[in-house]
Amino acid sequence: MQEFFKEYYAIFNYSIETMAAVTGLFFLNKYKSTAAKYLIYFLVYALLVDVIGRYPSYFKDLDKFDLIKGTLIEANYWWYIIFWFAGLSSFITLVNFKVIYNLGYKKALKYCYYVYIVQFVLYGIFNFESLFNPMEVFLKISSIWMIFVAVFLYLLDILQSFRITYFYKSIYFYINIAILIWTLVTGPIMFYEVYFSTADWNFVILKWQFFLSVNFIFYLTLSLALIYCKTEIK
């Protein structure tokens, strides 16, 4: 089983992400006049982030790992902190800002995002080396906090509007729920990131199995939402 996952984990994960990205691009015309188009852009972005983020493996396969060994970018923790966590938070904030009707909630979302970005940048500047530390959790937690705020305000908005009568038909509902569940399920794993090394292959394989299952459900949900949901004005 270990050898199987070592060989095929990346292929399976890329296949899931590629499926979602291709589905999104296929339905781009359907959503090009709505905020749902940002979901399609995000799916393509997420695929690129994952492909590029595996650069340590590429260096090893090319027998060039010595070029980055001992440097800050030897591991890819920094890449995912900046481009995945911040990217996901920014995406859900942008989409919800576009679709929330209540002006008070829109302002609250906007100012919360400003606070999040400012603290993210300042923390990165004054604690630069922490970006490359697998035990760094502040920026991940702040990103999760931003996601929770964005989803909470969206759900509160639809609960107080006429859209509650057809929420199950809205692609924005499935975007928010998929991201919320993905964050809730995968968030605790960050505290065990320090154990993610080839010194403990049992944990590595367990984490790969876990993320493969969660990612499959996450991207399948978004793909089905793109296929079956109807377009909305926003």
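Nothing here was measured: the structure is a model prediction, and the numbers come from that model.

(A) Summary view of unusual backbone geometry. The backbone phi angle of Asp-63 is positive, close to 60°, even though this residue is not glycine. Tracing the sequence through the fold places Asp-63 in the loop between helix H4 (55–61) and helix H5 (77–99).

(B) Structural view of empty space enclosed by the protein. Under the criterion given, the structure shown has 1 cavity of 30 Å³ or more. For the largest cavity, the calculated volume is near 40 Å³. Surrounding the largest cavity, Tyr-154, Ile-158, Arg-163, Phe-167, Ser-170, Tyr-172 and Glu-232 form its lining. Per-class residue counts for the lining of the largest cavity are 4 nonpolar, 1 polar and 2 charged.

(C) A nonpolar patch on the surface, seen in detail. Side chains of Val-118, Val-121, Leu-122, Ile-125 and Phe-126 sit close together on the surface and give an oily, nonpolar patch of about 500 Å² of accessible area. You can see Phe-126 is positioned in helix H6 (residues 103–126).

(D) Main features of the packing of aromatic side chains. For the coordinates displayed, the defined rule picks out 24 aromatic pairs. Between Phe-162 and Tyr-166 the ring centres are 6.2 Å apart and the planes differ by 45°, which places this aromatic pair in the tilted class. Put simply, the rings of Phe-42, Tyr-45, Trp-84, Phe-91, Trp-182, Phe-218 and Tyr-219 pair up and form one aromatic cluster. In this structure, Lys-60 is placed above the aromatic ring of Phe-65, and the distance from its NZ or CZ to the ring centre is 5.2 Å. Directly above the ring of Phe-97 sits Lys-106, whose terminal nitrogen or CZ lies 4.2 Å from the centroid.

(E) Structural view of the packing of H5 against H6. At a minimum axis distance of 10 Å, the contact between H5 and H6 shows a crossing angle of 165°. Taken together, the axis directions place H5 and H6 in an arrangement best described as roughly antiparallel. For H5 against H6, the interelement crossing comes out left-handed. Residues Ile-81, Ile-82, Phe-85, Ala-86, Ser-89, Ser-90, Thr-93, Asn-96, Phe-97 and Lys-98 of H5 form the contact with H6, whose participating residues are Lys-106, Leu-109, Lys-110, Tyr-113, Tyr-116 and Phe-120. Per-class residue counts for the contact of H5 with H6 are 9 nonpolar, 4 polar and 3 charged.

The rules behind these values
Residues numbered from 1 in each chain as written. Predicted model: local features only at pLDDT ≥ 70, side-chain atom pairs only at ≥ 80, totals over all residues. Heavy atoms only, no water. Helix = DSSP H or I, 4+ residues; strand = E, 2+ residues; numbered from the N terminus. 1 Å grid on protein atoms, 1.4 Å probe; cavity = no way out; pocket = protein on both sides within 12 Å on 5 of 7 lines; lining within 4 Å. Points joined across faces, edges and corners; volume = space filled by probe spheres on them. Nonpolar A, V, L, I, M, F, W, Y, C, P; charged D, E, K, R; others polar. Patch = residues over 30% accessible without salt bridge, like charges linked within 9 Å, V, L, I, M, F, W, Y side chains within 5 Å. Areas by Shrake-Rupley, 256 points an atom, 1.4 Å probe, with all protein chains shown as cover. Salt bridge = Lys/Arg side-chain N within 4 Å of Asp/Glu carboxyl O. Phe/Tyr/Trp six-rings, centres within 6.5 Å; stacked < 30°, edge-to-face > 60°. Lys NZ or Arg CZ within 6 Å of the ring centre and 35° of its normal. Axes fitted to C-alpha atoms, helices over the stretch in contact; angles between N-to-C directions. Parallel < 35°, antiparallel > 145°, perpendicular 65-115°, else oblique. Left-handed = near helix turned anticlockwise from the far one by under 90°. Contact = heavy atoms within 4.5 Å.

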